[in-house]
Amino acid sequence: MFNNILLASDGSAHAIRAAEKALTLAKKNPDAKVIILYVIDGSKSKSDVLNHWNSVNLDQTRKEKLTITEQKMKHEHVDYEIKVLHGEPGPTIVKYANENEVDICVIGSRGLNSLQEMVLGSVSHKVAKRANCPVMIVK
């Protein structure tokens, strides 16, 4: 069974579907914990700062992207934790998964960036290729 489930999320529709699969896995094991990983992309971070006049609004906007996922975890009484990291999403997710005892990584097939919506999202592709744990890619 999976004890440490890494859910890579950006708040997109695919990420919410991935959250549902992570919940399904977590409910099968009472000792399971879901780590919701949100990676702030450096290139997006600059535009976020320009569009928000202060850091409180910026932090609130970022947290709102995970609201639905967090509500699902609470509703199902699943142990979870939110981690926010900065960096390029693919390599940052892989690094976290490989350096922490993650049993499985659950990720949506596509994220919020429309440029990454060709065949398989570039982030999910990088994670699937480089993570040392099993990776579940959710459509």
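See above for the structure.
The rules behind each value
- For every chain, the first residue of its written sequence is number 1, and the numbers climb from 1 along that sequence.
- The model is predicted, so local features are restricted to residues of pLDDT at least 70 and side-chain atom pairs to those at 80 or more, both for listing and for counting; the totals for chains, interfaces and linings are taken over all residues.
- Note that the side-chain values use all heavy atoms of the structure and ignore hydrogens as well as water.
- DSSP-based pairing: two strands are paired if at least 2 bridges between them are found.
- Each helix is a run of DSSP H or I of at least 4 residues and each strand a run of E of at least 2, with the numbering of both proceeding from the N terminus.
- Lines fitted to the C-alpha atoms define the axes, with helices restricted to the stretch that makes contact. Angles between their N-to-C directions range from 0 to 180 degrees.
- Any two residues whose heavy atoms approach within 4.5 Å at even a single point are treated as in contact.
- Relative accessibility thresholds used throughout: buried, under 20% of the residue-type maximum; exposed, over 50%; partly exposed, between the two (1.4 Å probe, protein chains only).
- Here a crossover is taken to be right-handed if, once the strands point away from the viewer, the path from the first strand over the helix to the second is traced clockwise.

Things to note about the sheet that holds strand 1 (residues 4-8)
For step 1, the next point in the chain: Strand order across the open sheet formed by five strands is 3-2-1-4-5, with parallel pairing between neighbours. Only two strands of the sheet have a single partner each, and these edge strands are strand 3 (79-86) and strand 5 (135-138). In this sheet, neighbouring strand axes are inclined to one another by 20° on average, regardless of whether the strands run parallel or antiparallel.
For step 2, the next point in the chain: Sheet topology places strand 4 (residues 104-108) next to strand 5; four bridges connect them, and they run parallel. Within the sheet, the bridge partner assigned to Ile107 lies in strand 5 and is Ile137.
For step 3, the next point in the chain: Set on the sheet, helix 4 (residues 67-75) makes contact with strand 1, strand 2 (33-40) and strand 3; between it and strand 3 the angle comes to about 160°.
For step 4, the next point in the chain: Against the sheet, helix 6 (residues 122-130) makes contact with strand 4 and strand 5, and its axis sits at roughly 165° relative to strand 4, the strand it touches most.

Here's the deal with the environment of Ala8
For step 1, the next point in the chain: Here Ala8 lies in strand 1.
For step 2, the next point in the chain: As a C-alpha pair, Ala8 and Tyr38 span 30 residues in sequence and 6.2 Å in three-dimensional space.
For step 3, the next point in the chain: Excluding residues that lie within four positions of it along the chain, Ala8 makes contacts with Leu37, Ile93, Val106 and Ile107.

Notes on the pairing of strand 1
For step 1, the next point in the chain: Counting buried positions along strand 1 yields four of five residues, so the element is predominantly enclosed.
For step 2, the next point in the chain: As defined by bridge partners, strand 1 adjoins strand 2 across five bridges and the pair is classed as parallel. Within the sheet, the bridge partner assigned to Leu6 lies in strand 2 and is Ile35.
For step 3, the next point in the chain: Handedness of the β-α-β unit built from strand 1, helix 1 (residues 13-27) and strand 2 comes out right-handed.

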